[in-house]
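Analysis of the macromolecular model
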Amino acid sequence: MFCEKAIELIRELHRMGDGQLPAFNEDSIRQVLEEMKALYEQNQSDVNEAKTEGKSELIPTIKFRHCCLLRNQRCIAAYLYDRLLRIRALRWEYGSVLPTTIRFHMCAEEMEWFNQYKKSLATYMRSIGGEEGLDITQDMKPPKSLYIEVRCLKDHGEFEIDDGTVILLKKNSQHFLPRWKCEQLIRQGVLEHVIS
Amino acid sequence: MADGLSEGSDLSAGEEGQEDVLTPAELITKLEEAWLNEKFSPELLENKSELVECVMEQLTHMEENLQRVRKGDVKASVHRMEIDRIRFVLSSYLRFRLQKIEKFFPHVLEKEKSRADGDPSFLSPEEFAFAKEYLANTEVYLRAVALKHMPPNLQNIDMLKAVPEPCLDSFVFLRVKERQENILVEPETDEQREYVVDLDEGSQHLMRYRTIAPLVSSGAVQLI
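On a predicted model such as this, the values are computed, not experimentally measured, just so you know.

Moving on, we come to the interface of chain B and chain A. Counting from both sides, the interface comprises 42 residues of chain B and, opposite them, 44 residues of chain A. With both sides pooled, the region where chain B packs onto chain A buries about 3,900 Å², and carbon together with sulfur makes up 70% of that total. Here chain B and chain A share one salt bridge between them. At the surface where chain B touches chain A, the tally comes to nine residue pairs in polar contact (both at pLDDT 80 or more). The set of elements that each furnish at least two residues to the side of chain B that touches chain A consists of α2 (49-68), α3 (74-103) and α5 (125-145) of chain B.

Have a look at this one:
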């Protein structure tokens, strides 16, 4: 059956659930594109035949193939676009540098899109309200208290807070830090918010 | 919330003086209203760049004042908290806008294109630049990965059709700030007829966004 590969692509994304990025399925995409090429060529020759020899019984087949072509196009676009949305969400979650495991699942063009997106976003954020701009990827949750208790999950090295104090973020150490400095690190999985 | 702002000196909205002078408390109230409206309306609302600029100025001002406070002063942490809260509202407001721009980018740009010269723009210049880049970037990407390998008659995708439009028929909660008379409510089903309602000041309603969209932009109702 036509379009089966294309549907399979959509299912694959659907199965992964929100926020996860499966490996870029180049192989299936190539197969769908090949199927489209074949359908198009068959249609071309049938159209010629229908025109020159007046075979009007070919027209329903041509229409059917064209629908399959449109469906394939739509499925591929949906697959690619949905992946972009997932990649976009990753920018907000991890900051501008993605973990290698995720980068491994992206194709070169997606990487390019991501870099461009990053640039647009940075330009936008710099331009907010004049001088230095505003990082809107921070302050994701309404603040409840100024300082929070955090535990280090990984060795992260030295970390400077606003008043100039430098602390050492060592694995399994616990600290009482200003919330606005930790948000990013918590999202990156370096720190964990300890809720007692 | 406004108490924490008392330290900020008087601040006027809009440097060109085309607007009334706002106290910091009024400024923050305005920001909160804009934030809630943007959060609950299905479509992108008019931009409020001036408001954003004023709040940013106010934040910088408060940060500066905070530098002068002695270390360990209780006042400092109260103000710090206040700054954090305002910054959260501001960031959240801009995030909602950006999300809508990304979600509806072809429609947002189309609306901007068809806007008459005198009308206020929905996008701030920065947002407009962002939306254009986003569209171009996405188109280039789709072309490079798939579309250019497709048969010649299928190499274009009409973004306006492919990307969903904002659903203006979704229902929103609202509170009335200025009394409105004779609001025409369109029927929801075929059996119903259209009817008119009066909205009393202070009353709360659940209505279709499309019906009250003009009232949201004029500030007569507040989405909640």
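Our focus in this paragraph is the sheet that holds strand β5 (residues 191-193) of chain A. Residue and element names in this part refer to chain A. Here three strands make up an open sheet; going across it, the order is β4-β1-β5 and the pairing antiparallel. Every interior strand has two partners, whereas the edge strands, β4 (174-178) and β5, have only one. Neighbour to neighbour, the strand axes of the sheet diverge by 45° on average, direction disregarded. In this structure, strand β1 (residues 147-152) lies alongside β4, joined through five bridges in antiparallel fashion. Bridge pairing in β4 links Val150 to His175.

The positions that UniProt labels "domain: GINS subunit" (unreviewed entry) are, in the present scheme, residues 40-128 of chain A. This span, residues 40-128 of chain A, is 82% helix and 0% strand, and a straight line between its end C-alpha atoms measures 49 Å.

Parameters at a glance
Residues numbered from 1 in each chain as written. Chains lettered and ligands numbered in written order. Predicted model: local features only at pLDDT ≥ 70, side-chain atom pairs only at ≥ 80, totals over all residues. Heavy atoms only, no water. Contact = heavy atoms within 4.5 Å. Buried area = accessible area lost by both parts, 1.4 Å probe. Salt bridge = Lys/Arg side-chain N within 4 Å of Asp/Glu carboxyl O. Polar contact = N/O pair within 3.5 Å; in protein donor to acceptor, adjacent residues only side chain to side chain. Helix = DSSP H or I, 4+ residues; strand = E, 2+ residues; numbered from the N terminus. Pairing = 2+ DSSP bridges. Axes fitted to C-alpha atoms, helices over the stretch in contact; angles between N-to-C directions. UniProt positions renumbered as here; feature names shortened; annotations may be inferred.

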